[in-house]
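Letter by letter, the chains look like this.
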Amino acid sequence: MGMKNHELVPSTLVAAIANLRHGGVHKVLRQLCKNRLVAYERGKHYDGYRLTNSGYDYLGIQTLVARGNVTGFGSQIGTGKESNVYVVTNDNGESLCLKIHRLGRICFRKLQEKRDYHKNRHKASWLYLSRISASKEFAYMTALFNRGFRVPKPIDFNRHMVLMELAKGHPLCQFYKLDDPGELYDKMMNLLVSLGNHGVIHGDFNEFNILLDDNKEPILIDFPQMVSTSHENAGMYFDRDVKCVRDFFKRRFGYESELFPSFDDIEREESVDVEVAASGFTKDMDQDLIAEFQFISEINQQGEDDDSESSNGSETQGEADVIQESKHELEQSMTPTDPAQLDKLKSEVCDALAEMNLENRIDLDDKDDDVKSVSRFSMVSCSTSATIPPDVIKDRIRKSIQNKSKIDSKKRIRAKGEASAVTRSRRANMDNIKESSGIWGWE
């Protein structure tokens with residue numbers, strides 16, 4: 001929580017957020033630093049603590065274990081420029097795949113140029129960006145799996161971890177010979193076009209992100225870099241994926257085909273990019289797309305509306321006449337035109353006011369006008385004083401005192417056992433002055 005707006009979290013803020021009843025925040029922080037779950041660093045303006053990758057991993061694994069989705073941790077089966085992949089087990093003893101996103105490595109740090117995770121932010125921590133990457137991959141995987149694509153079944157995700165089924169297959173880069181490379185080439189090209197028809201482009205469609213099962217059927221993995229077909233560079237990304245497949249088959253299997261899809265061959269069927277808010281898809285595009293999809297339905301309904309209007313025209317006119325007559329009769333019934341009826345109404349109102357023991361009665365006798373509307377009479381409001389129960393007052397006072405004491409206790413929190421950056425610089429200046437002899441450093 002503290003690292004949301006701080007690169008280094010001061011110990012006073014940690015104590016305020018933790019709000020331990022008996023204190024002991026510094027003791028807990030020392031134990032966490034000893035286990036390398038957090039790290040204490042000296043900053044330029046202030047000192048504080050930061051969460052390490054090991055600490056973030058511990059939080060994610062602890063949540064998955066508490067949910068019952070992970071009970072055992074196995075070996076590492078893969079690594080890349082932005083993630084590590086491990087084998088884990090669940091309560092039923094089934095082997096699953098746990099992908100831990102690790103953004104910020106030396107080989108992949110130009111993230112702001114490659115992805116749009118920052119949005120309007122100028123800076124963001126690598127832990128926060130890893131969490132965004134994991135959430136996007138889980139959303140893409142869920143949307144594609146529900147639409148029948150051959151992708152690993154998503155199970156759960158937390159923070160920067162994605163839990164999925166363990167795909168039974170091997171990467172395409174490990175195959176050096178195929179019985180029919182042309183068949184696999186056609187399947188992969190059809191997969192690219194099918195993704196485009198659903199509104200997304202993979203963006204990294206190569207031999208490292210394609211698995212082949214025992215029947216040589218392709219399984220697609222790695223989804224954080226997917227973009228929408230409405231992206232300004234969507235054509236370039238699609239052509240790059242096609243070129244990667246063609247170059248690999250030519251280089252590895254000696255297979256080259258003149259048939260390959262282009263970006264113009266894509267015909268949108270569904271909107272996965274709208275569902276997961278893919279990169280390059282804006283709200284304006286969403287409105288345009290919805291309007292385009294609804295255009296056909298509006299045309300179909302227009303003919304039905306024209307037919308219904310012609311048949312219901314006479315019925316609507318008849319209903320309007322009936323409503324007008326009813327309104328006229330109601331107005332006549334509400335207006336007392338008979339003098340005897342008006343006198344009777346005045347007497348009833350006076351009797352009601354007398355029963356209420358009101359001192360200020362309304363003078364209803366008016367010789368000028370014989371007919372008066374009901375709005376002429378005005379009711380006299382009587383205010384009653386309501387008292388709050390003493391128990392409620394005591395409870396409110398007790399809560400206000402508790403809130404005030406809690407705020408005062410937070411103000412009294414001071415860092416102990418460590419000096420701030422300003423105090424440290426002042427001490428260093430004092431030491432330099434004491435070591436010097438004379439004003440200019442000599443006597």
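Preceding this paragraph is the structure being described.
Definitions and cut-offs
Residues numbered from 1 in each chain as written. Predicted model: local features only at pLDDT ≥ 70, side-chain atom pairs only at ≥ 80, totals over all residues. Heavy atoms only, no water. Helix = DSSP H or I, 4+ residues; strand = E, 2+ residues; numbered from the N terminus. Buried < 20%, exposed > 50% of the residue type's maximum accessible area, 1.4 Å probe, protein only. Contact = heavy atoms within 4.5 Å. Core = buried A, V, L, I, M, F, W, Y, C linked by side-chain atoms within 4.5 Å. Pairing = 2+ DSSP bridges. Patch = residues over 30% accessible without salt bridge, like charges linked within 9 Å, V, L, I, M, F, W, Y side chains within 5 Å. Areas by Shrake-Rupley, 256 points an atom, 1.4 Å probe, with all protein chains shown as cover. Salt bridge = Lys/Arg side-chain N within 4 Å of Asp/Glu carboxyl O. Lys, Arg positive; Asp, Glu negative; His and termini not counted. Charge placed at Lys NZ, Arg CZ, Asp CG, Glu CD. 1 Å grid on protein atoms, 1.4 Å probe; cavity = no way out; pocket = protein on both sides within 12 Å on 5 of 7 lines; lining within 4 Å. Points joined across faces, edges and corners; volume = space filled by probe spheres on them.

Colleague: An account of the overall build of the protein chain is needed here, citing residue identities and associated values.
Modeller: Counting its secondary structure elements, the protein chain contains twelve helices and twelve strands. Each of the 443 residues in the protein chain was classed as buried or not, and the buried ones make up 31%. Sequence-distant contacts in the protein chain: of pairs separated by 6 or more residues, those separated by 24 or more amount to 59%.

Colleague: Provide a residue-level description of the environment of Ile221, including the pertinent values.
Modeller: With respect to the helices and strands, Ile221 occurs in the loop between strand S11 (218-220) and strand S12 (227-228). Exposure remark for Ile221: the relative accessible area of 22% places this residue in the partly exposed category. Placed 71 residues apart in sequence, Ile221 and Arg150 show a C-alpha to C-alpha distance of 9.1 Å. Discounting chain neighbours no more than four positions away, the residues touching Ile221 are Pro152, His202, Phe208, Asn209 and Leu211.

Colleague: Which residues make up the nonpolar core, and what values do they have?
Modeller: One finds Met188, Phe205, Phe223 and Phe249 to be the most contacted residues of the largest nonpolar core, which totals 43 residues. Discounting chain neighbours no more than four positions away, the residues touching Phe249 are Pro181, Leu184, Tyr185, Met188, Gly254 and Tyr255. Leu64, Tyr86, Ile100 and Met161 belong to the second largest nonpolar core, which has nine residues in total.

Colleague: So, the pairing of strand S7 (residues 161-165): which residues are in play, and what are the values?
Modeller: In the case of a regular strand, side chains alternate between the two sheet surfaces. For S7, the tally of buried residues reaches four of five residues, placing the bulk of the element in the interior. Here strand S5 (residues 95-101) pairs with S7 via five bridges, running antiparallel. Paired with Cys97 across the bridge in S7 is Met164. Here four bridges tie strand S6 (residues 154-158) to S7, and the two strands are oriented antiparallel to one another. Pairing of Pro154 across the sheet is with Met164, part of S7.

Colleague: Any chance you could break down a negative patch on the surface for me, citing the residues and the numbers?
Modeller: Together, Asp239, Asp264, Asp265, Glu267 and Glu269 make up a negatively charged patch on the protein surface. If you trace the backbone, Asp264 turns up in the loop between helix H7 (234-253) and helix H8 (272-276).

Colleague: Before we move on, can you summarise the sheet that holds strand S8 (residues 170-171) with the specific residues and values?
Modeller: Taken together, three strands build an open sheet; the order of strands is S8-S10-S11 and the sheet is antiparallel. Across the chains shown, the open sheet's two edge strands, defined by having one partner strand only, are S8 and S11. One ladder, built from two bridges, connects S8 with strand S10 (residues 210-212); its direction is antiparallel. If you follow Pro171 over to S10, its bridge partner there is Leu211.

Colleague: Got a sec to walk through the layout of surface pockets? Specific residues and values, please.
Modeller: Estimates place the volume of the second largest pocket at around 830 Å³. Around the second largest pocket sit 30 residues that line it, and Gly78, Val85, Phe208, Asn209 and Ile221 are the ones nearest its centre. Listed by contribution, the elements that provide at least two residues to the lining of the second largest pocket are strand S3 (72-79), strand S4 (83-89), S5, helix H5 (126-146), S7 and S8.

Colleague: Tell me what's going on with the pattern of salt bridges, and back it up with residues and numbers.
Modeller: Evaluation of the coordinates by the stated rule reveals 18 salt bridges. The partner of Arg42 in a salt bridge is Asp47, and the shortest N-O contact between them spans 3.9 Å. Judged by relative accessible area, which is 55%, Arg42 ranks as exposed. Arg67 is the salt-bridge partner of Asp156, the closest N and O atoms lying 2.8 Å from each other.

Colleague: Give me the environment of Cys173: which residues, what numbers.
Modeller: One can find Cys173 in the loop between S8 and helix H6 (181-197). A residue is classified by how much of its surface remains accessible, and Cys173, at 18% relative accessible area, is buried. Cys173 sits 75 residues away from Phe248 along the chain, and the two C-alpha atoms are 9.0 Å apart. Every residue in contact with Cys173, bar those within four places of it in the chain, is listed here: Glu207, Phe208 and Arg252.

Colleague: Summarise empty space enclosed by the protein; cite the residues concerned and give the values.
Modeller: Across all of its chains, the model carries two cavities of 30 Å³ or more by this definition. A volume near 30 Å³ is recorded for the second largest cavity. Lining the second largest cavity we find Leu172, Met188, Phe205, Asn206, Glu207, Cys244, Val245 and Phe248. Of the residues forming the lining of the second largest cavity, the biggest block, three residues, is contributed by H7.

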